[in-house]
Amino acid sequence: MKILLVDDQRAIVESIQKGINWEKVGIDETYIACSAAEAKLILVNFPVDIMLCDIEMPGEDGLSLLQWAKEQQIDVCCIFLTAHAEFAYAKKAIQLGGFDYVLQPAKYAEIEKVVKKACEHVKKEKNVQWMQKTQTELRQNRDIFLSGNHQIFYAYYQLLHRTVFVTGNVPVTKIQV
């Protein structure tokens, strides 16, 4: 998993980057941005799964950054950070599909807990998307399966078995072909 840390205060993003045990929570790569403009460049050029973003930043705030990402069809799980416990921010974050909302100052353990929960959520979402794609492929190749070509069917079975049963992240459902 990859995370993008966004805050207009470089000291904060660097502190979070150094203070969190990323491997423990499931993150293998971190990016930092000190403005919405920098964050947009990263989101367009690198695959980012989770964005930990300050709401209030000069120029463009974190809420409009998430709105932009949605408009660009960039699928990112967003956790908002803010020092202001204003209901209007929380409401807007929820309306935009924000994953969680963390009040600053936050302890590293609290941020780790929320990021770990976001990682689990992203993994589940990716597995659901994969299952939907596989189900579509099975439907599209229905004639091949029904023709008796057991090697192709067995290859799909192995792929499904390895992904669903080994990871255990997706409930087993009946796939109709």
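Relevant structure appears above.
Source: prediction; values computed, not measured. (Residues numbered from 1 in each chain as written. Predicted model: local features only at pLDDT ≥ 70, side-chain atom pairs only at ≥ 80, totals over all residues. Heavy atoms only, no water.)

Trainee: Explain the pattern of salt bridges to me, and be specific about the residues and the numbers.
Mentor: The full count for this structure, using the stated rule, is seven salt bridges. Across the salt bridge formed by Lys2 and Asp28, the nearest N and O atoms sit 3.7 Å from each other. Residue Lys2 is found in strand S1 (residues 2–6), and its partner Asp28 is found in the loop between helix H2 (22–25) and strand S2 (29–33); the two are separated by 26 residues along the sequence. Note on Asp28: relative accessible area 56%, which makes it exposed. One salt bridge in this structure joins Lys24 and Glu112, with 3.5 Å as the shortest N-O distance. (Salt bridge = Lys/Arg side-chain N within 4 Å of Asp/Glu carboxyl O. Helix = DSSP H or I, 4+ residues; strand = E, 2+ residues; numbered from the N terminus. Buried < 20%, exposed > 50% of the residue type's maximum accessible area, 1.4 Å probe, protein only.)

Trainee: So what about the sheet that holds strand S5 (residues 100–103)? Which residues, and what values?
Mentor: The five strands are arranged S2-S1-S3-S4-S5 in an open sheet whose pairing can be described as parallel. Edge positions in the open sheet fall to S2 and S5, since each of these has one partner strand only. Ignoring which end each strand starts from, the neighbouring axes of this sheet average 20° apart. Note that strand S3 (residues 50–54) and strand S4 (residues 77–82) share five bridges and pair parallel. By the bridge assignment, Leu52 is partnered in S4 with Ile79. Those strands touched by helix H1 (residues 10–19) are S1, S2, S3 and S4, and its axis lies near 170° from that of S2. The strands that helix H3 (residues 36–45) touches are S1, S2 and S3; relative to S2, the one it contacts most, it runs at about 145°. (Pairing = 2+ DSSP bridges. Axes fitted to C-alpha atoms, helices over the stretch in contact; angles between N-to-C directions. Contact = heavy atoms within 4.5 Å.)

Trainee: Now, about the packing of H3 against helix H4 (residues 62–71): what can you tell me, with residues and values included?
Mentor: Following both chains from N to C, one finds H3 and H4 inclined at 25°, their axes separated by 10 Å at the closest point. Overall, the two elements H3 and H4 adopt an arrangement that is roughly parallel. For the pair H3 and H4, the crossing hand works out as right-handed. For the pair H3 and H4, contact is made by Ala36, Ala39, Lys40, Leu43 and Val44 and by Leu65, Trp68 and Ala69, respectively. Here the contact of H3 with H4 is built from residues that sort into seven nonpolar, no polar and one charged. (Parallel < 35°, antiparallel > 145°, perpendicular 65-115°, else oblique. Left-handed = near helix turned anticlockwise from the far one by under 90°. Nonpolar A, V, L, I, M, F, W, Y, C, P; charged D, E, K, R; others polar.)

Trainee: I'd like to hear about the environment of Trp68, residue by residue, with values.
Mentor: Positionally, Trp68 belongs in helix H4. On the accessibility criterion, Trp68 (15% relative accessible area) is buried. Sequence separation between Trp68 and Ala36 is 32 residues, and the spatial gap between their C-alpha atoms is 9.8 Å.

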